[in-house]
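# A structural walkthrough
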Amino acid sequence: MATLCRLREVPRHLLVCEKSNFGHDKSRHRHIVETHYYNYRVSFLIPECGILSKELKDLVMAFGPYYSVKDLPLHELITHEFINTFVKKGSCSALTYNANIDEDNAAALLPNGKLILSLDKDTYEETGLQGRPSRYSGRKIMKFIVSIDLMDLSFHPASKKYERVSWAFKEKKPLRFDFLLAWHQTGAEESTLMSYFSSYRIQEHRPKIAVSSVADLQCPVLRSSELGGQPDTACSALELFDWLGAVFSHAELNNEPDSFLSSYCCPQPSTVVARASLCTVTGFILPEKICLLLEQLCRYFDEPKLAPWVTLAVQGFADSPVSWRENEHGFRRGGEHLYNFVIFNNRDYWLHMAVGADDDCPP
Amino acid sequence: MKSVIYNAFSQKEAKEFDVQHTGAQRAEAFVRAFLKRSMPHMSQQVREDLLQRKAVVLEYFTHRKQKEKKKKSRGLSAKQRRELRLFDIKPEQQRYSLFLPLHELWKQYIRDLCNGLKPDTQPQMIQAKLLKADLHGAIVSVTKSKCPSYVGVTGILLQETKHVFKIITKEDRLKVIPKLNCVFTVEIDGFISYIYGSKFQLRSSERSAKKFKAKGTIDL
C-alpha cells in the first residue's frame, strides 16, 4: 500500500515568484545572479525590437571563453600552486561534465573556494574523507557529499587536513574527471588556464550565440504591480512562465485543433507584436557576465521604447551538484534549476525561480 | 571373642535352665523366618542362594548413581580478565620497530603454510589457507569502511579478539579497529587479499575450525 502511494506521487516542482524594483536597497537581484554559479543557457526576449542594439551585441560577444579538460585528476585542483594562482585571484569555477549526478561521481569547484564532491557509496567508503549523506537519498543512502574548503587549506599548508586530502586523492583513490573550467580574473595576470593545464588535453571554447527574430508574436499583457494578474486586464506570473517556455522552445501558439504537438495558446489578454528578438547564448557562463547583461537590459528602458517589458532567462546545468550557493541539487525527473527576470519600463522586475524535485527551495 | 559371647550350653546347664534344644528343622525354619523379616526386599530364591553361598551374580543397576560433579575451576569472567590486564600492552612496549621481527616470523609462517609462495601459485589456495591461518603479526590496512576516519590505517596486527583488531601503526600508536563494516587488506609477497570484517567476527582460535559459507552481501 505504501509502495503504491509512493509510486503515485509525482515529483514536485517549486516555483517562487517575487516582485521588486531595481532601485530598492534590499533588492536581491544581484545576490540571486551571483550565487547561481553554473549557468548553461542565457536567453533574453525583447518584444518590439527588430535588431539588437550595438551595446547588447557587444556584451553578448564578450562572454569570455571557457575551457574543457579531459581526464584531469582531482589532486591537480588542490595543489597550492593552483589555489594561489587561480582560486585566490578572481573567481575560478569548475564542473564535471559527462557525469550524471544521480549515477556517477561528480565534482564542482565553487568561486568562493569550496570543492564539492558528490560521491556514490562505494567511492565514499574508499576515499576516506569525512562527508555527509545527501539529503535526497531515501532509506538506503547511496550518495554522499564531501565538501573541502580550499581557502582554509591554503592558510595552513602542511596541516594534517591537507595531508589527508592529498593522500586520499593521490594514493588512496585517484579520481579523474572531465572538467569545464572558467576563470574570471580580477587583476592583470599573465597566467591562463590554457598554459597551466597544457599537459592535459585542454581546449578552449566560446559560447554559442543564436539570435533570431520572431514575427507576429502573441505576447501577454502584464502589469508590474499585479503578480497574480487580474482576470481581464493582466496575466499572472505563472501564465507568463508557461508562455515563455513555449516561446523559447519555438512552439506554435495558435491553438490549432488538429495540432498534434501542442494545444497551448497564449494567455489572455494578449497583444500581437510585430517583431521580437530572441537571443540565446549556450556554454559555461559566469555569473559576473550575467550581472553585466542584466544591468544593460535595465538601461534598455532609459530611452523610451515600444516594448512594455523584456525578459532574461538563465538555466543551470542539469548535472551540477549545487543549485544556488551550496544548496544540493539532484536530477530526479529533469534536473532543472533556472531563474527568469521580467524587467518593466519603470525599473520594476518580476523574478521566477524554479527548481525540480531533488532540490532545496531557492533562496 | 565369639567364645566369650557365645558359649555352648552343657547338658547339665541346659536341663537347669530348661532350654530345649530345638530340632534341626525347627532351627532352620526359625532362621528362614528371621531372615525373611530382616531382608524383606529379597526374594526367597535369593535368600536360599545366600545361605548356600552360591556364587552370586553381581547386579548392575539400571540407573547409575549420579557421579559426583567434577569440581572444575570456573574460569574468569571477561571483567576479571580485563582487570588482570594480561593482554594489555604497556606504553613503553608500544614501538613499531619492536614488532617488525614478529612480522618477519609471520611471513615465514605463511610461506611455510602455502608450501612456498611462487608467483604462479593459485590465489584460491592462498585464500583458503589464510582463512584458517593466524594473523598475528601481519601488516593489515583498512581499505574500505563505513566510517571514513578508519580508512588508511596501516600497521602490524597485535591482537585479534572477537570483534576488534588491535593494530600498531608506524607512528607507534595503538589503534583499535572494529571489524564490523570494514574491509582489510593483507599483503604477502605480491598477493593481496581483502578480508571482509563483517564476516570475520570470530576469535582467531575458533576461526580455524569454522567453515565459511558465502551468505549475504559483501556490501558495507
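Shown above is the structure to which this text applies.
Residues numbered from 1 in each chain as written. Chains lettered and ligands numbered in written order. Predicted model: local features only at pLDDT ≥ 70, side-chain atom pairs only at ≥ 80, totals over all residues. Heavy atoms only, no water.

What follows is about unusual backbone geometry. For D216(A), which is not glycine, the phi torsion reads 55 degrees and is therefore positive. As for its placement among the helices and strands, D216(A) is situated in strand β11 (residues 208-220). With a phi angle near 50 degrees, D189(B) is a residue other than glycine that sits in the positive phi range. By the element assignment, D189(B) lies in the loop between β5 (182-188) and β6 (191-196). Relative accessible area serves as the criterion here: at 41%, D189(B) is assigned to the partly exposed category. (Helix = DSSP H or I, 4+ residues; strand = E, 2+ residues; numbered from the N terminus. Buried < 20%, exposed > 50% of the residue type's maximum accessible area, 1.4 Å probe, protein only.)

Moving on: the sheet that holds strand β13 (residues 309-316) of chain A. Picture the strands of a sheet paired through backbone hydrogen bonds; they go either parallel or antiparallel. Residues and elements named next belong to chain A. Within the open sheet, the seven strands sit side by side as β1-β15-β14-β13-β2-β12-β11. Their pairing is antiparallel. Where the open sheet ends on each side, the last strands, each with one partner, are β1 (14-21) and β11. Mean inter-strand twist for the sheet, computed between neighbouring axes without regard to direction, equals 15 degrees. With twelve bridges joining them, β11 and strand β12 (residues 270-285) adopt antiparallel strand pairing. Within β12, the position partnered with C219 by the bridge is T271. Strand contacts of helix α3 (residues 54-61): β2 (39-47), β11 and β12, with the helix running at about 170 degrees to β2, the strand carrying the most contacts. Against the sheet, helix α10 (residues 287-299) makes contact with β2, β12, β13 and β14 (337-344), and its axis sits at roughly 5 degrees relative to β2, the strand it touches most. (Pairing = 2+ DSSP bridges. Axes fitted to C-alpha atoms, helices over the stretch in contact; angles between N-to-C directions. Contact = heavy atoms within 4.5 Å.)

Turning our attention to the interface of chain B and chain A. The partner chain A presents 13 residues to the eleven residues of chain B that form the contact. Between chain B and chain A lies a buried interface of about 890 Å² when both sides are counted; carbon and sulfur atoms form 47% of it. Among the residues chain B hides against chain A, the three largest losses belong to K144(B), P148(B) and V151(B). Together they make up 53% of the total. With its nearest N and O atoms 3.4 Å apart, the salt bridge here joins D219(B) to K121(A). The interface formed by chain B and chain A holds seven residue pairs in polar contact (both at pLDDT 80 or more) in total. Split by residue class, the side of chain B that touches chain A holds four nonpolar, four polar and three charged. (Buried area = accessible area lost by both parts, 1.4 Å probe. Salt bridge = Lys/Arg side-chain N within 4 Å of Asp/Glu carboxyl O. Polar contact = N/O pair within 3.5 Å; in protein donor to acceptor, adjacent residues only side chain to side chain. Nonpolar A, V, L, I, M, F, W, Y, C, P; charged D, E, K, R; others polar.)

The axes of two packed helices give the description: the angle between them and the distance between them. All names here are of chain B. In contact at an axis separation of 11 Å, helix α3 (residues 24-38) and helix α4 (residues 44-52) are set at 120 degrees when each is read in the N-to-C sense. One finds that α3 runs oblique with respect to α4. When you trace α3 past α4, the crossing you get is right-handed. Here α3 contributes R32, L35 and K36 to the contact with α4, which in turn contributes Q44, R47, E48 and L51. Class assignment of the residues belonging to the contact of α3 with α4 gives a composition of two nonpolar, one polar and four charged. (Parallel < 35°, antiparallel > 145°, perpendicular 65-115°, else oblique. Left-handed = near helix turned anticlockwise from the far one by under 90°.)

For a regular strand, the rule is simple: side chains alternate between the two faces of the sheet. Residue and element names in this part refer to chain A. Where burial is concerned, most of strand β8 (residues 143-149) is hidden: five out of the seven residues are buried. Here seven bridges tie strand β6 (residues 114-120) to β8, and the two strands are oriented antiparallel to one another. Its bridge partner being in β8, I116 is matched across the sheet by S147. Relative to β8, strand β7 (residues 132-133) is paired through two bridges, and the arrangement is antiparallel. Bridged to P133 within β8 is F144.

The next subject is the sheet that holds β8(A). Residue and element names in this part refer to chain A. The strand order across the open sheet formed by eight strands is β7-β8-β6-β5-β4-β9-β3-β10, and the pairing between neighbours is antiparallel. Looking at the sheet topology across the chains shown, the edges are occupied by β7 and β10 (201-205). Pairing geometry for strand β5 (residues 106-109) and β6, over four bridges, is antiparallel. In the sheet register, A106 faces β6, and the bridge partner there is S118. Those strands touched by helix α4 (residues 80-87) are β4 (91-96), β5 and β9 (176-184), and its axis lies near 120 degrees from that of β4.

Residue and element names in this part refer to chain B. A grouping of K132, K199, K210, K211, K213 and K215 is seen on the molecular surface, where their side chains present a positively charged patch. Inspection of the secondary structure assignment puts K210 in the segment after α8 (204-207). We classify K210 as partly exposed; its relative accessible area is 37%. (Patch = residues over 30% accessible without salt bridge, like charges linked within 9 Å, V, L, I, M, F, W, Y side chains within 5 Å. Areas by Shrake-Rupley, 256 points an atom, 1.4 Å probe, with all protein chains shown as cover. Lys, Arg positive; Asp, Glu negative; His and termini not counted. Charge placed at Lys NZ, Arg CZ, Asp CG, Glu CD.)

These figures come from the coordinates and say nothing about function on their own.
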